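The primary structure of each chain is shown beneath.
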Amino acid sequence: MMKRWQAGLMALFMSITVLTGCGKQTEPSVQTSTKETERATEKQEAAETVTVTDMNGRSVEIPSPEKLTSVYYASPLGQLMIYSINPKKMAGIVSELRPEQKRFLPETEGMGVMGNFDGGKSINTEEVLASGAQVFISMGPMVLSEKSAQGADELQEKLNIPVLVVNGRFEARADAFRFLGTVFGEEDRCEMLAQYCEETLSEVEKGLAKIPDAERVSLYYAEGENGLATEPESSSHAAVFKFAGAKNVAAVELTPGPGRTPVTLEQILAWDPDVIFMGKGKGSPYAEITSNPDWSHIKAVKEGRVYEAPNLPFSWIDRPPSVQQYLGLRYVAQTLYPDYFNYDLKEETKRFFKLFFNVNLTDEEAAELLGGTAS
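Residues numbered from 1 in each chain as written. Predicted model: local features only at pLDDT ≥ 70, side-chain atom pairs only at ≥ 80, totals over all residues. Heavy atoms only, no water.

Engineer: Mind showing me how you'd approach the overall build of the chain here?
Structural biologist: Secondary structure assignment for the chain yields 14 helices and eleven strands. Counting only residues that meet the buried cut, the chain has 47% of its 375 residues in that class. Across the chain, the fraction of contacts at a sequence separation of at least 24, relative to all contacts at a separation of at least 6, is 64%. Element-wise, carbon and sulfur atoms account for 52% of the exposed surface of the chain, whose accessible area totals about 18,900 Å². (Helix = DSSP H or I, 4+ residues; strand = E, 2+ residues; numbered from the N terminus. Buried < 20%, exposed > 50% of the residue type's maximum accessible area, 1.4 Å probe, protein only. Contact = heavy atoms within 4.5 Å. Areas by Shrake-Rupley, 256 points an atom, 1.4 Å probe, with all protein chains shown as cover.)

Okay, structure coming up:
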C-alpha cells in the first residue's frame, strides 16, 4: 500500500506535469493571435487608399471611405450634393450664403468661402489645400467628354490632390448619388436620395403620358432683369421645364457655358407662350413682365400665368442647378398641368427638406417657401 505522503507527492507531480503541458499547448495559440493581429494591421494600412473609376472614366486613387474626412467642390451643385450626403465632410462653401439660406442649411455656419468656377470665376487654391481637403469634386451640368477628363487631370496636377469628376446632369444625379455613396461609404444614405430622384422622374413621366399633345403647354423661360434672355430646350438650364413636359418656345441657339441667350420682345410676342416662368429673387423680371404694357399682349400675361419659382435655399428650377430641381420638377409639373398632377406640395416640400437637408419644416414654413402655391 502506498503511503499517504507518497500519494500526495505523486498527485503534486501530476499537477505540475498537467500545468506545464497546458502552457506548452497555449503557446501556438498566442503566436497565431499575434500573426492575425499583424495581418489585420497590414490590411488596415493597405486600406488607407482605394482606386475608383470616376464618372468620366478616369482611374483615381483617393482616401478610403474610413479615411476620407474632407472634400471640396467648385460649384453650388457639388456643394448641395455633398451637403445632402454628409455636411460634416465639407471643407468650405463656394460663396457667402445669405441668412435666409443658412436658415435651411445650418451646418454651413462658420465655413470659409473658397470660391467656385461658375461663370468664369476661380477658387482660392491655397485656402482649399490649407483646409485639409483630401479630394476635389468636379461636378457641373456639362456633358462629360475627353475635354472634361483632361481638365480634371490638369487640375489634379495643379492641386496635388485627387480630382473626381461627377456627372451633374439633371437626369444623371441618381447615378451621381450612388457613385458618391461608394466614395464616402454612405451607400444607404445615398441610395435613399437616388431613389427620390428616380421616383420623381418616374412619377412625372407617368403623369405626362396621360396628357394629349394638344394640351401640352408652351413655355418661355425669362432670364435677366428685363426678361429678354432665355434658354432653348437643349440647354441644361432648361432641364426642369423639359422633364415637366413643357413646349419650350425659344427657337434660339444655345449659348455655351453660362447660357442666357439674348432675345427681343418681338420674338417673344411672336412665340406667344401659354406660360412664362422665371426664378425668384434679386434680378427677377417678374415686375417688368407683369406691369410693363409692352408685355401685356402675350397670352401668358393676359391669362395670369406668369410664375416665379421658389428659390430657397437655392432655386428650384435653375441657377444654380441643385438637388432642389427634383422638388422643382414636381412643383413645375403641377403648375403647368393641375388637372393631371395632384401633389400636396406643402407636404412634399416638408418631405424633401427633411430627407435632403435634415430640416423639419412647419406647415407655415413650407407654405412660405412655396409663395402661396401650396395645395
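Further notes follow.
Engineer: Teacher, can you tell me more about the pairing of strand β10 (residues 275-279) here?
Structural biologist: For a regular strand, side-chain orientation follows a simple rule: the groups alternate between the two sheet faces. Judged by how many residues are buried, β10 sits mostly within the fold: four of five residues are covered. Sheet analysis places strand β6 (residues 218-221) next to β10, joined by three bridges and oriented parallel. Of the residues in β10, the one forming a bridge with Y220 is I276. Where β10 and strand β11 (residues 306-309) come together, four bridges link them in parallel fashion. Among the inter-strand pairings, F277 is bridged to a residue of β11, identified as Y307. (Pairing = 2+ DSSP bridges.)

Engineer: Please explain the sheet that holds strand β5 (residues 163-167) as it appears in this structure.
Structural biologist: Hydrogen bonding along the main chain pairs the strands of a sheet, whether they run parallel or antiparallel. Judged by pairing direction, the sheet is parallel, and its three strands sit side by side in the order β3-β4-β5 without closing on themselves. Of all strands in the sheet, those with a lone pairing partner are β3 (71-73) and β5, marking the two edges. Taken over all neighbouring pairs, the strand axes of this sheet differ in orientation by 30° on average, direction set aside. Sheet analysis places β3 next to strand β4 (residues 135-140), joined by three bridges and oriented parallel. (Axes fitted to C-alpha atoms, helices over the stretch in contact; angles between N-to-C directions.)

Engineer: Honestly, the sheet that holds β11 in this entry has me stumped. Any pointers?
Structural biologist: Spatially, β8-β6-β10-β11 is the arrangement adopted by the four strands of the open sheet, whose pairing is parallel. Every other strand in the sheet has two partners, leaving β8 (247-248) and β11 as the edge strands with one partner each. Contacts from helix α12 (residues 325-336) reach β6, β10 and β11 within the one sheet, and its direction differs from that of β10 by about 155°.

Engineer: Help me understand the side chain of N248, please; the structure alone is not making it clear to me.
Structural biologist: Considering the arrangement of structural elements, one finds N248 in strand β8. On the basis of relative accessibility, which here comes to 18%, the residue N248 falls in the buried class. At a separation of 3.0 Å, a polar atom in the side chain of N248 contacts the main-chain carbonyl oxygen of E231. Of the polar contacts made by the side chain of N248, one reaches the backbone nitrogen of A250; its length is 2.9 Å. For N248, the contacting residues outside a window of four places in its chain are L219, E231, P232, E233 and A238. (Polar contact = N/O pair within 3.5 Å; in protein donor to acceptor, adjacent residues only side chain to side chain.)

Engineer: Looking at this structure, how should I read the confidence of the model for the chain?
Structural biologist: Close inspection of predicted coordinates is inappropriate for parts of the model with low pLDDT. For the chain, mean pLDDT is 88; residues scoring 70 or higher make up 86% of the total. Scored below 50 in pLDDT, residues 1-32 shows one contact in the model against residues more than four places distant or in partner chains. (pLDDT = per-residue confidence, 0-100.)

Engineer: What exactly am I supposed to notice about the nonpolar core here?
Structural biologist: For soluble globular proteins, nonpolar side chains are generally found buried alongside one another. Residues Y72, F177, L336 and F357 are the most contacted members of the largest nonpolar core, which totals 93 residues. Those residues in contact with F357 that sit more than four places away from it in its chain are L80, Y83, F104, L105, P313, V323, Q324 and F352. Of all hydrophobic cores here, the second largest spans 16 residues; its members include Y220, L265, A300 and V306. (Core = buried A, V, L, I, M, F, W, Y, C linked by side-chain atoms within 4.5 Å.)

Engineer: I would appreciate a short explanation of the packing of aromatic side chains in the present structure.
Structural biologist: Geometrically, a pair of aromatic rings is defined through the distance of the ring centres and the angle of the planes. Inspection of the entire model under this criterion finds 20 aromatic pairs. Aromatic pair F170 and F243: ring centres 5.2 Å apart, planes at 40°, arrangement tilted. Pair noted here: F170 is in the loop between β5 and α6 (173-184) and F243 is in helix α8 (residues 239-243), with a separation of 73 residues, a long-range link. The class of F243 is partly exposed, set by a relative accessible area of 26%. (Phe/Tyr/Trp six-rings, centres within 6.5 Å; stacked < 30°, edge-to-face > 60°.)

Engineer: Mind showing me how you'd approach the packing of helix α13 (residues 345-357) against helix α14 (residues 363-370) here?
Structural biologist: When two helices pack together, their arrangement is given by the angle between their axes and by how far apart the axes lie. Following both chains from N to C, one finds α13 and α14 inclined at 100°, their axes separated by 9 Å at the closest point. The angle between α13 and α14 places the two elements in the roughly perpendicular class. Contacts between α13 and α14 involve L345, K346, E347, T349, K350 and F353 on the former and, on the latter, D363, A366, A367, L369 and L370. Its residues placed into classes, the contact of α13 with α14 shows six nonpolar, one polar and four charged. (Parallel < 35°, antiparallel > 145°, perpendicular 65-115°, else oblique. Nonpolar A, V, L, I, M, F, W, Y, C, P; charged D, E, K, R; others polar.)

Engineer: Could you clarify how one ought to interpret the pattern of salt bridges in this entry?
Structural biologist: A pair can form between side chains of opposite charge whenever their charged atoms are brought close. Evaluation of the coordinates by the stated rule reveals 23 salt bridges. Note that K88 is salt-bridged to E107, the shortest N-O span being 3.9 Å. Of this pair, K88 sits in the loop between α2 (76-85) and α3 (99-102) while E107 is found in the loop between α3 and α4 (125-130), placing the two residues 19 residues apart along the sequence. A residue is classified by how much of its surface remains accessible, and K88, at 63% relative accessible area, is exposed. The partly exposed category is assigned to E107, whose relative accessible area is 38%. (Salt bridge = Lys/Arg side-chain N within 4 Å of Asp/Glu carboxyl O.)

Engineer: How do you make sense of the environment of M81 when you look at a structure like this?
Structural biologist: Within the element layout of this structure, M81 appears in helix α2. Here the alpha-carbon distance between M81 and S322, two residues 241 residues apart in the chain, equals 7.4 Å. Ignoring any residue separated from it by four or fewer positions in sequence, one finds M81 in contact with M139, R173, A176, F177, L180 and V323.

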